[in-house]
Amino acid sequence: KLHSDLDKGVGTVKYTLSGDGAGTVFTIDETTGDIHAIRSLDREEKPFYTLRAQAVDVDTKKPLEPESEFIIKVQDINDNEPKFLDGPYVASVPEMSPVGAYVLQVKATDADDPTYGNSARVVYSILQGQPYFSIDPKTGVIRTALPNMDREVKEQYQDMGGQLGGLAGTTTVNITLTDVNDNPPRFPKSIFHLKVPESSHVGSAIGRIRAVDPDFGKNAEIEYNIVPGDGGNLFDITTDENTQEGVIKLKKPLDFETKKAYTFKVEASNLHLDHRFHSVGPFKDTATVKINVLDMDEPPVFSKPMYTMEVYEDTPVGTIIGAVTAQDLDAGSSSVRYFIDWKNDVDSYFTIDATEGTIATNELLDRESTAQYNFSIIASKVSNPLLTSKVNVIINVLDVNEFPPEISVPYETSVCENAKPGQVIQTVTAADKDLSPAGQRFSFRLSAEASNKPNFTVHDYRNNTAGIETRRNGYSRRQQELYFLPVVIEDSSYPVQSSTNTMTIRVCRCDSDGTILSCNVEAIFLPVGLSTGALIAILLCIVILL
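A quick note: this is a predicted structure, and the numbers were derived from the prediction, not measured.

S.K.: Looking at this model, I keep getting lost on the domain arrangement of the chain. Mind explaining?
M.R.: As a measure of interface size, the accessible area lost when the parts come together is often cited. Here the chain is partitioned into domain 1 (13-73), domain 2 (80-178), domain 3 (191-294), domain 4 (313-398) and domain 5 (406-527). Summarising the inter-unit geometry, the C-alpha centres of domain 3 and domain 5 are found 81 Å apart.

This is the structure:
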């Protein structure tokens, strides 16, 4: 309300208004000076207005007083609700967190005047989500309100909060419980039964078992191990990374006839342990696996992986040289039949008895033509001829001992006149024109007629060599210049062959050390009184005879 002291209330004064909002927001009664707002005001839009007023004489239109300026302030009222500028919020907190664990902080703003009353004061509260979480009414910090919240029970929570006096602003807070390893793996049953054919291949998967872990991600990763015992050497177990199943694999072949069932324990444990939950208990579980081996109709089995036989060349046709043996190891044992796997004409040299498995010659064998035969024998079940096994047979043709051994080289043997008994005057070796087998042995001895003579003897060293030894104390060239020693050499092949080899031993003159000085005829052994010409003639005759 404006009023001039010159206004006597007789209608001679007129009031005028100018400035911010004059005529649009505010109007003035020209007679009384009352100022009115002609529309609603919004402090948040314009908090104050600067206006000018003046009193004018109605008749003369002249100002009665100087123009005066005044300010109209818009008084704030609580007409704005708080707003969450960053909402909705998304947060996470580990499950099993203690009470008071920090989750996140929310913040709301209010457009009302913070300097006037409580219009702009924000108080935070949770509208939904209790009693799981609490919020600080002043700071907007949200914390857990219950202990040990379990993700496996409830994974997501939704809170709403924010209030100002009677006006409230709301936002949504989506809180997710992140997984921790607080649950051990558990087998759904204590015993798993598996049936496995005995024909299963080594390394193949023969069954799957699974332990359940309600945790998520890496906290649910499980490692399986076979507890040492019955199945440790025969079976193995690995983890399927996609399904977290335990895949049981075969490490060694199964045999129904040897063992029909296996029982062992499997342990499932978490790979990633959380030390905070050790008190919960062991993070592992065990189950029993029982495997029943299924009998399969299998081919017969040979007693050896390979057979090697020997036969002498020229062995009569029909001679049995060996046998192969195969058995049906299945529960209902079946008879076995044998036959040669014919591939070429070489196989026709031998025959096999279909029932007994004995191998015999079918033709005369010649080692010089073929020294070795290699072929296969097939064994089939009488009850199921399609089930067969094959084994390799090697037959070596042995050489027949046709030639006797002989002294390997011609020896020039001599003995000193002053030799003592037991001296070795020559070492001899033998040779055989036959192909000597490994371990061939030659034996040496004197012939029967020479054994009674006291001149020399043969010492067999049993290493395919022998020594010629003296048996007398001295030899005389005058009495006998040459000795002929018959030596018998015998081999160890079949049939045994032997030969008599005559060695010539010459008596020589030697010094005291045994060094030969001369083996020629000398004049000292001739009659006294012969002329030089006679001596020359005698020597010439000796030379001619030699």
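Alright, that's what it looks like, and here's the rest.
S.K.: What is the right way to read the pattern of salt bridges from this model?
M.R.: Pairs can form between side chains of opposite charge whenever their charged atoms are close. Throughout the structure, instances matching the rule amount to 11 salt bridges. Across the pair arginine 52 and glutamate 67 runs a salt bridge, and its minimum N-O distance is 3.8 Å. Here glutamate 67 lies in the loop between strand S4 (48-57) and strand S5 (68-73) and arginine 52 lies in strand S4, a separation of 15 residues in the sequence. Using a relative accessible area of 45% as the deciding quantity, one classes glutamate 67 as partly exposed. Between glutamate 481 and arginine 506 there is a salt bridge whose closest N-O contact spans 3.1 Å. Of this pair, glutamate 481 sits in the loop between strand S34 (465-470) and strand S35 (482-490) while arginine 506 sits in strand S36 (residues 498-510); the two residues are 25 residues apart in sequence, bridging distant segments of the chain.

S.K.: How should I be thinking about the sheet that holds strand S19 (residues 284-294) in this particular structure?
M.R.: The pairing of strands in a sheet happens through backbone hydrogen bonds and is either parallel or antiparallel. Judged by pairing direction, the sheet is mixed, and its four strands sit side by side in the order S13-S19-S18-S15 without closing on themselves. The open sheet is flanked by strand S13 (191-197) and strand S15 (222-226), the only strands paired with a single partner. Geometrically, the sheet is characterised by an average inter-axis angle of 30° between neighbouring strands, direction not taken into account. Both strand S18 (residues 261-270) and S19 contribute to a ladder of nine bridges, which runs antiparallel. The residue of S19 that forms the bridge with phenylalanine 264 is valine 289.

S.K.: Teacher, can you tell me more about a negative patch on the surface here?
M.R.: On the surface, a cluster of negative charge is contributed by Asp314, Asp366, Glu368 and Glu402. Examined against the element boundaries, aspartate 314 turns out to sit in the loop between strand S21 (306-312) and strand S22 (320-323).

S.K.: Explain the state of the cysteines here, please?
M.R.: In a disulfide, the sulfur atoms of two cysteines are held together by a covalent bond. Considering all chains together, one arrives at two disulfides under this definition. Note on cysteine connectivity: cysteine 416 is disulfide-linked to cysteine 510, with sulfurs 2.1 Å apart. Its S-S torsion of approximately -85° makes the covalent link between cysteine 416 and cysteine 510 left-handed. With cysteine 416 in strand S30 (residues 413-416) and cysteine 510 in strand S36, this residue pair connects regions lying 94 residues apart in the sequence.

Reading the values: the criteria
- Residues numbered from 1 in each chain as written.
- Predicted model: local features only at pLDDT ≥ 70, side-chain atom pairs only at ≥ 80, totals over all residues.
- Heavy atoms only, no water.
- Domains from an automatic or database assignment.
- Salt bridge = Lys/Arg side-chain N within 4 Å of Asp/Glu carboxyl O.
- Helix = DSSP H or I, 4+ residues; strand = E, 2+ residues; numbered from the N terminus.
- Buried < 20%, exposed > 50% of the residue type's maximum accessible area, 1.4 Å probe, protein only.
- Pairing = 2+ DSSP bridges.
- Axes fitted to C-alpha atoms, helices over the stretch in contact; angles between N-to-C directions.
- Patch = residues over 30% accessible without salt bridge, like charges linked within 9 Å, V, L, I, M, F, W, Y side chains within 5 Å.
- Areas by Shrake-Rupley, 256 points an atom, 1.4 Å probe, with all protein chains shown as cover.
- Lys, Arg positive; Asp, Glu negative; His and termini not counted.
- Charge placed at Lys NZ, Arg CZ, Asp CG, Glu CD.
- Disulfide = S-S within 2.5 Å.

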